[in-house]
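The chain contents come next:
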Amino acid sequence: MKKMLWCCLVVLLTMGAAAYAATYRVINEEAAVRKDRRFFAPIVIRVPYGEKVESREVKGDWLNVTYRGTQGWIHKSAVTELKIDWTALGGGKAAESTKDEVALAGKGFTPEVEKAFHDKNPAMRYDLVNQVESYRITDEKIQAFIRAGKLREPGGES
Amino acid sequence: MKRHHVLHMAFILTFLLLMPGCAEVVKVGTTAGQEMGVITAKDKEIIDRTAKGAERAARPMTEKEEYFLGRAVAATILGTYKLDQNEKLTTYVNQVGQALAMVSDVPLTYGGYHFAILATDEVNALACPGGIIFVSRGMLTRAKNEEELASILAHEIAHVNHRDGVRAIQNSRWLEVVTALGSDVAGTYGSGDIAKLTSLFEGSVNDVVKTLVTNGYSREQERAADQGALVIMNRIGYDPNGMPDYLATLAKEEKAGGTRGFFSTHPGMADRLAVVQETVSKNKWARADHRVRDGRFDSYL
């Protein structure tokens with residue numbers, strides 16, 4: 001009986017340790033991993049869409065992650081947590097699944113579908129959409145704008 | 001009712017409840033049910049098939065799909081309205097917008113937030129799914145200072161945060177999209193698949209455009225966007241009083257008979273103003289000194 005209890009404890013602790021290091025997938029076209037947990041902190045590495053990152057620490061809206069050996073902070077809105085699909089355990093395999101699986105496989109509303117839609121509707125002004133998407137303000141410029149306007153800089157806790 | 005019939009009904013009801021969660025669990029149960037003779041082979045087939053469909057329908061749109069949807073909505077809008085090419089004003093609007101988006105509930109989206117001006121005197125502001133936000137010249141010129149401009153942009157950012165654009169797509173259409181994709185993530189499309197998905201994509205784009213331009217969001221969605229905007233403004237230090245100030249201008253215009261564009265899709269300005277005023281006073285948000293921001297606003301508008 002005692003042996004049985006010890007076995008259960010070991011299993012639970014193993015599961016706990018496994019759960020501690022959570023895996024996330026990047027859902028932005030490109031996500032910035034920063035030195036500190038705030039938006040204007042220097043970027044230590046950029047992670048492309050679909051890549052997995054490991055996290056062992058969450059503080060507020062920021063996750064401490066490791067990607068290709070580089071550690072830093074990523075905002076929670078740039079990633080989605082990969083959940084273990086326990087129903088797959090019966091099949092001898094613990095699968096990780098997210099709603100992105102289908103999209104990652106190149107299905108769903110994709111560039112291919114966008115192209116077909118544009119071919120069918122040539123009056124759509126994708127040229128102007130591309131222009132609008134080119135409107136980007138650098139971190140330095142937004143920070144300077146916030147400071148000049150005496151606004152509050154986004155803090156680490158937000 | 002015979003005991004067998006009660007069991008039969010109970011079985012079917014149980015699996016109807018399980019459907020949205022897990023088709024595999026449903027399948028195990030229906031197999032057992034068939035073996036016990038509680039349901040027929042035909043019942044099992046129908047339940048399993050519906051469960052699979054329900055599971056697929058439960059898949060929400062991904063951020064990447066939302067991005068492509070938003071691009072198509074923006075391309076449609078820019079097919080109707082002209083894009084204002086004033087670079088300095090566009091940069092200024094983007095600076096205000098980006099600063100606000102950064103403190104919103106969803107600061108990062110797949111393709112990021114981008115703000116553009118529509119060259120029309122009509123009063124309008126439109127948030128495309130994913131983060132492209134349009135604001136008309138007419139809307140901008142009615143703002144008296146940067147706080148009021150911030151209230152317009154924060155309201156649209158809140159719509160993006162709440163994924164209101166995506167929610168405009170008919171459920172039946174999204175169910176068709178998910179069903180058309182199939183359950184297998186592997187493999188590539190055939191030409192027929194692309195044609196079908198393109199047609200569903202087109203329908204989804206039309207659903208969103210129709211809501212944005214013609215029907216408008218529900219009053220609850222507008223109210224939620226107003227409340228979200230007040231929070232965003234307060235977080236970064238814009239005076240939340242900018243929102244009731246701006247709504248008061250629009251309410252006055254609506255009362256005077258404004259019905260086009262924004263007024264047709266955003267009715268009930270006076271009600272919105274009253275709710276926003278109540279939130280501002282409840283939170284005791286006193287008027288802030290924003291002269292430093294007024295100066296730069298005046299140099300652009």
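Positions within a chain are numbered from 1, following the residues in the order the chain's sequence is written. Chains carry letters and ligands carry numbers; both start at the beginning, A for chains and 1 for ligands, and go up in the order they are written. Reporting in this predicted model follows two pLDDT cut-offs: at least 70 for local features of residues, and 80 or more for side-chain atom pairs to be given and counted; totals over whole chains, interfaces and linings ignore these cut-offs and use all residues. Heavy atoms throughout the structure, all of them, feed into the side-chain values; hydrogens and water do not.

## Some points on the overall build of chain B
Here is step 1 of the chain: Put simply, DSSP H or I for four residues or longer makes a helix, DSSP E for two residues or longer makes a strand, and each gets a number counted from the N terminus. Helix and strand counts for chain B come out as 15 helices and three strands.
Here is step 2 of the chain: Think of it in three bands: residues with accessible area under 20% of the maximum for their type are buried, residues over 50% are exposed, and the middle band is partly exposed, with areas taken using a 1.4 Å probe on protein chains only. Within chain B, buried positions represent 56% of all 301 residues.
Here is step 3 of the chain: In these tables, accessible area is a Shrake-Rupley quantity obtained with a 1.4 Å probe, and a residue counts as shielded only by the protein chains included in the view. Of the roughly 13100 Å² that chain B leaves accessible, carbon and sulfur atoms contribute 55%.

## Regarding the side chain of Arg-71 of chain B
Here is step 1 of the chain: Relative to the assigned elements, Arg-71 of chain B resides in helix α4 (residues 63-80).
Here is step 2 of the chain: Engagement of the side chain of Arg-71 of chain B in a polar contact is seen with the side chain of Glu-114 of chain A, the distance being 2.9 Å.
Here is step 3 of the chain: Contacts between residues were defined by any pair of non-hydrogen atoms, one from each residue, lying within 4.5 Å. Discounting chain neighbours no more than four positions away, the residues touching Arg-71 of chain B are Glu-114, Tyr-126, Val-129, Asn-130 and Glu-133 of chain A. The term polar contact refers here to a pair of N or O atoms within 3.5 Å; inside protein, the definition further demands a hydrogen-donor-capable atom paired with an acceptor-capable atom, and it admits residues adjacent in sequence only when both atoms are side-chain atoms.

## A look at helix α14 (residues 269-282) of chain B
Residues and elements named next belong to chain B.
Here is step 1 of the chain: Look at α14: 20 Å from first C-alpha to last across 14 residues, which is about the 20 Å you get at 1.5 Å a residue.
Here is step 2 of the chain: Every buried residue belonging to α14 is among Met-269, Arg-272, Leu-273, Val-276, Thr-279 and Val-280, and all of these are buried. Seen along its axis, α14 keeps its buried residues to an arc of 125°; they face one direction. Along α14, the residues that are exposed and aim more than 90 degrees away from the buried face are Ser-281 and Lys-282.
Here is step 3 of the chain: Among the structural elements, α7 (146-161), α11 (219-236), α12 (242-255) and α13 (262-265) are those in contact with the buried residues of α14. What a helix should span is 1.5 Å times the count of its residues minus one. The arc in question is the one spanned by the directions pointing from the helix axis to the C-beta atoms.

## Notes on unusual backbone geometry
Here is step 1 of the chain: One non-glycine residue, Lys-150 of chain A, adopts positive backbone phi at about 55°.
Here is step 2 of the chain: One can find Lys-150 of chain A in the segment after α5 (139-148).
Here is step 3 of the chain: For Lys-150 of chain A, a relative accessible area of 66% translates into the label exposed.
Here is step 4 of the chain: Here Arg-163 of chain B, not a glycine, exhibits a phi torsion of approximately 55°, which is positive.

## Quick word on the interface of chain B and chain A
Here is step 1 of the chain: The interface of chain B with chain A comprises 66 residues on the first partner and 51 residues on the second.
Here is step 2 of the chain: Criterion for a salt bridge: a side-chain nitrogen of Lys or Arg within 4 Å of a carboxyl oxygen of Asp or Glu. Between Lys-120 of chain A and Glu-202 of chain B there is a salt bridge, with the nearest N and O atoms lying 2.7 Å from each other.
Here is step 3 of the chain: Across the contact surface, chain B and chain A share 18 residue pairs in polar contact (both at pLDDT 80 or more).
Here is step 4 of the chain: Elements with a contribution of two residues or more to the side of chain B that touches chain A: α4, α5 (87-102), β1 (114-118), α9 (171-181), α10 (191-215), α11 and α15 (291-300) of chain B.
Here is step 5 of the chain: Counting residues per element, the side of chain B that touches chain A draws most heavily on α4 of chain B, at twelve residues.
Here is step 6 of the chain: Classification convention: Asp, Glu, Lys, Arg as charged; Ala, Val, Leu, Ile, Met, Phe, Trp, Tyr, Cys, Pro as nonpolar; all other residues, Gly among them, as polar. Here the side of chain B that touches chain A is composed, by residue class, of 36 nonpolar, 18 polar and twelve charged.

## What to know about the environment of Glu-87 of chain B
Here is step 1 of the chain: Turning to its location among the elements, Glu-87 of chain B is positioned in helix α5.
Here is step 2 of the chain: Along the chain, Glu-87 of chain B and Ile-117 of chain B lie 30 residues apart, while their C-alpha atoms are 10.0 Å from each other.

## Quick word on the pairing of strand β6 (residues 70-75) of chain A
Residues and elements named next belong to chain A.
Here is step 1 of the chain: By definition, two strands form a pair when at least two bridges between them are found by DSSP. Inspection of the sheet shows strand β5 (residues 62-67) paired to β6 by six bridges, in the antiparallel sense. The residue of β6 that forms the bridge with Leu-63 is Ile-74.
Here is step 2 of the chain: Where β5 folds back on β6, the antiparallel hairpin that results is connected by two residues, among which Arg-68 adopts a positive phi of roughly 50°.

## A word on the packing of aromatic side chains
Each aromatic ring pair is specified by the distance between its two centres and by the angle formed by the two planes.
Here is step 1 of the chain: Between the rings of Phe, Tyr and Trp (Trp by its six-membered ring), a pair exists once the centres lie within 6.5 Å; its type follows the angle of the planes, with under 30 degrees stacked, over 60 edge-to-face, and the other angles tilted. Overall, the coordinates contain nine aromatic pairs over all chains when judged by the stated rule.
Here is step 2 of the chain: Centre to centre, the rings of Phe-117 of chain A and Phe-201 of chain B are 5.1 Å apart; their planes meet at 90°, and the pair counts as edge-to-face. Within this pair, whereas Phe-117 of chain A is found in helix α3 (residues 111-120), its partner Phe-201 of chain B is found in helix α10, the two belonging to separate chains. With respect to burial, Phe-117 of chain A and Phe-201 of chain B carry one shared label: buried.
Here is step 3 of the chain: Between Tyr-67 of chain B and Tyr-110 of chain B the ring centres are 4.9 Å apart and the planes differ by 50°, which places this aromatic pair in the tilted class. Here the residue Tyr-67 of chain B occupies a position in helix α4, and Tyr-110 of chain B occupies one in the loop between α5 and β1, the gap between them amounting to 43 residues.

## Quick word on the pattern of salt bridges
Here is step 1 of the chain: The final tally for this structure, using the stated rule, is 26 salt bridges over all chains.
Here is step 2 of the chain: Between Arg-125 of chain A and Asp-127 of chain A there is a salt bridge, and its shortest N-O distance comes to 2.7 Å.
Here is step 3 of the chain: Residue Arg-125 of chain A is classed as partly exposed on the basis of its relative accessible area of 31%.
Here is step 4 of the chain: Of the charged contacts, one joins Glu-278 of chain B and Lys-282 of chain B as a salt bridge, the two residues approaching to 3.8 Å between their closest N and O atoms. A residue pair is termed a helical-turn pair when its members lie 3 or 4 positions apart in one helix, as Glu-278 of chain B and Lys-282 of chain B do in helix α14 at four residues.
Here is step 5 of the chain: Since its relative accessible area comes to 46%, Glu-278 of chain B is described here as partly exposed.
Here is step 6 of the chain: On the basis of relative accessibility, which here comes to 65%, the residue Lys-282 of chain B falls in the exposed class.
Here is step 7 of the chain: Where salt bridges share partners, they join Glu-114 and Glu-133 of chain A together with Arg-71 of chain B into one cluster.

## Here we look at the packing of helix α4 (residues 126-133) of chain A against α4 of chain B
Here is step 1 of the chain: Helix axes are fitted to C-alpha atoms over the stretch in contact, other axes to C-alpha atoms as well, and angles between N-to-C directions run from 0 to 180 degrees. Orientation of α4 of chain A relative to α4 of chain B, taken along the N-to-C sense of each, is 115°, at an axis distance of 8 Å. Seen from above, α4 of chain A lies across α4 of chain B with right-handed handedness. For the pair α4 of chain A and α4 of chain B, the contacting residues are Tyr-126, Leu-128, Val-129, Asn-130, Val-132 and Glu-133 of chain A in the first and Tyr-67, Arg-71, Ala-72, Ala-74, Ala-75 and Leu-78 of chain B in the second. By convention the crossing between two helices is left-handed if the near helix lies anticlockwise of the far one by an angle smaller than a right angle, and right-handed if it lies clockwise.

## Regarding the sheet that holds β1 of chain B
Residues and elements named next belong to chain B.
Here is step 1 of the chain: Taken in spatial order, the three strands line up as β1-β3-β2 in an open sheet, and their pairing is mixed. The sheet is open, and its two edges are formed by β1 and β2 (125-127), each paired on a single side. In this sheet, neighbouring strand axes are inclined to one another by 15° on average, regardless of whether the strands run parallel or antiparallel.
Here is step 2 of the chain: Each of β1, β2 and β3 (132-136) touches α4; the most contacted strand, β3, lies at about 25° to it.

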